[in-house]
Amino acid sequence: MELARRNATIVAVGAGLVVGVVIWAKRKRWVKVGQVESLYVFPLKSGAPIESDVLKFESMGPKIGEMIDRGFAVANAGTYTVKDTHSYPRLCLMSTNMVKDDNGVLTVTLQSPDAEEDLVFQLPKDYSLEPSSSFASTSIIEGKCSSVFDCGEEAASWLSKVLKKQESGLRLIYHYKEVSMRTHSHRYTKPFGDTMGPTYLPALSNAAPYHLVSDTSVDELNLQLKNTNDKVTALNFRPNLVVKTLSGKPYQEDSWKQMRIGTVGLEFSLPDNRCITVNYNQKTAQKDDRVLKWLKTNRRTLSKKQEEKLGGPAGVFGHRYGLKEGTEGDVKKGDDVWAYISRF
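Residues numbered from 1 in each chain as written. Predicted model: local features only at pLDDT ≥ 70, side-chain atom pairs only at ≥ 80, totals over all residues. Heavy atoms only, no water.

## Here we look at the overall build of the protein chain
Helices and strands together make up the secondary structure of the protein chain, namely six helices and 20 strands. Projected onto the principal axes, the alpha-carbon positions of the protein chain cover approximately 95 × 45 × 40 Å. The burial tally for the protein chain puts 49% of its 344 residues in the buried class. Taking the intrachain contacts of the protein chain between residues at least 6 apart in sequence as the baseline, contacts between residues at least 24 apart amount to 70%. Element-wise, carbon and sulfur atoms account for 51% of the exposed surface of the protein chain, whose accessible area totals about 16800 Å². (Helix = DSSP H or I, 4+ residues; strand = E, 2+ residues; numbered from the N terminus. Buried < 20%, exposed > 50% of the residue type's maximum accessible area, 1.4 Å probe, protein only. Contact = heavy atoms within 4.5 Å. Areas by Shrake-Rupley, 256 points an atom, 1.4 Å probe, with all protein chains shown as cover.)

Structure (structure tokens):
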């Protein structure tokens, strides 16, 4: 009898230890995963990036000076359907700048290697004084934007000549509000609605205010593609934030559900299921179809049900985040990056 009790005690203690280990293993904690390697803002959706040593992280996305990420976009005349690299691959070479003068007037400059002259125009100082015909509603991948500002005939003519080689057909639109006028797209909320917070809304970006990739994942992709000269870079994925990881493990960002950079907090919104844009070198507009093909074959990390809701196979590379409320602030190159992850 005594031996039976002793054995029962040993079993109970052993079971308790196993449960304790499992609980300990599942316990999450903040872990330093790397440093900020690069910071980018894309003032024009599908346009050229601006790299900076420091960006202001705000609710609607990163900001440099007066420019919010993806604040401008190219749209079809009449319907205001937003266009991107799918339609105009050389859009990625079009750069945007914005300067505020002493009177508070914003002057915008667009440049393209395909244009004989730059486009220079001014935005209104007070949008409430503009006629209703200067405003429109639009949508981006079925995510509605209730109001954007049409930047006028001069901008429309310049874009049409540069991108379409025609006198008309395109418009330049601007997200003029300080808070997002967007709603989440049902195309994304169907598979990812449990993590897409109601405040994780961008200006004119596809689905979220922040895009992140890691250097180790880019390196691994080049290794798999056997690239030696014309390598894929982080810019193929048009991220706002590139993390130089402490570990050499690729795709570790798949487990980064929360992040902290100084006082700034980022919260996971949805995985970045990639489109043909990743095939384009963002500095030359040259195309390499192998990139998306490899991702759709080897980076199918979504569930079968999620892929069905998206309409087919999805190759994931990087992730999209929203800003944790109340954590706006500056992020700088070299800042430590912390992630909230499990022990294993």
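That was the structure; now back to the text.
## Some points on the pairing of strand β17 (residues 264–273)
Among the ten residues that make up β17, nine are buried, leaving the element largely enclosed by the rest of the structure. Here strand β16 (residues 258–261) folds back onto β17, and the loop between the two strands holds two residues, one of which, G262, carries a positive phi near 65°. The pairing of β17 with strand β18 (residues 316–323) spans six bridges and is classified as antiparallel. Bridge pairing in β18 links P271 to H319. (Pairing = 2+ DSSP bridges.)

## Some words on the side chain of S52
Note that S52 resides in the loop between β2 (50–51) and β3 (54–58). There is a polar contact of 2.7 Å between the side chain of S52 and the backbone oxygen of V54. Setting aside residues no more than four positions away along its own chain, S52 makes contact with L39, I64 and K333. (Polar contact = N/O pair within 3.5 Å; in protein donor to acceptor, adjacent residues only side chain to side chain.)

## Some words on the sheet that holds strand β19 (residues 329–332)
Within a beta sheet, neighbouring strands are joined by backbone hydrogen bonds and run either parallel or antiparallel to one another. Reading across the sheet, the four strands line up as β5-β4-β3-β19 and stay open at both edges, with antiparallel pairing between neighbours. If you trace the sheet from one side to the other, it starts and ends with β5 (67–68) and β19, each paired once.

## Topic: the sheet that holds strand β8 (residues 95–100)
With respect to topology, three strands assemble into an open sheet ordered β8-β9-β10, the strand pairing being antiparallel. Only two strands of the sheet have a single partner each, and these edge strands are β8 and β10 (119–122). Adjacent strand axes in the sheet meet at a mean angle of 15°, parallel and antiparallel pairs treated alike. Where strand β9 (residues 106–111) meets β10, four bridges bridge the pair, whose relative direction is antiparallel. (Axes fitted to C-alpha atoms, helices over the stretch in contact; angles between N-to-C directions.)

## Regarding the side chain of R238
By the secondary structure assignment, R238 is in the loop between α4 (215–225) and β15 (241–245). The charged side chain of R238 is buried without a salt bridge, its nearest counter-charge being D69 at 7.1 Å. A polar atom in the side chain of R238 sits 2.7 Å from the backbone oxygen of G47. Side chain to side chain, R238 and Q282 meet in a polar contact 2.5 Å long. (Lys, Arg positive; Asp, Glu negative; His and termini not counted. Salt bridge = Lys/Arg side-chain N within 4 Å of Asp/Glu carboxyl O.)

## What about the nonpolar core?
Counting residues in hydrophobic clusters, the biggest one holds 26 residues, and the most contacted among them are F72 and L123. Counting residues per element, the ones that place at least two in this core are β6 (72–76), β9, β10, α2 (153–164) and β13 (170–174). Non-local contacts of L123, meaning those with residues more than four positions away in its chain, are made with F72, M98, V105, L106, V108, F149, C151 and Y174. In terms of nonpolar packing, the next biggest core, distinct from the first, is built from 22 residues, V243, I261, F268 and A339 among them. (Core = buried A, V, L, I, M, F, W, Y, C linked by side-chain atoms within 4.5 Å.)

## A word on unusual backbone geometry
The phi torsion at R70 lies on the positive side, around 50°, for a residue other than glycine. With respect to the helices and strands, the residue R70 is situated in the loop between β5 and β6. We classify R70 as buried; its relative accessible area is 5%. The backbone of R238 sits at a positive phi, close to 50°, despite the residue not being glycine. Using a relative accessible area of 5% as the deciding quantity, one classes R238 as buried.

## Some details on the confidence of the model for the protein chain
If pLDDT is low for a region, its predicted coordinates should not be looked at in detail. On average, the protein chain scores 92 in pLDDT, and the residues at 70 or more come to 91%. Low pLDDT (under 50) marks residues 17–25, which in the prediction has five contacts with non-local residues, meaning those over four places away or in another chain. (pLDDT = per-residue confidence, 0-100.)

## Topic: the pairing of strand β14 (residues 210–214)
Counted residue by residue, β14 has five buried out of five residues, so it is predominantly covered. Both faces of β14 are covered, namely the face carrying Y210, L212 and S214 and the face carrying H211 and V213. Note that β14 and β18 share three bridges and pair antiparallel. Looking across to β18, one finds that L212 is bridged to H319. Here β14 runs beside β15; their pairing, made up of three bridges, is parallel. Bridged to V213 within β15 is V242.

## Describing the environment of D336
Here D336 shows up in strand β20 (residues 336–342). Assessed through its relative accessible area of 33%, D336 is described here as partly exposed. It is 8.4 Å that separates the C-alpha atoms of D336 and R260, two residues lying 76 residues apart in sequence.

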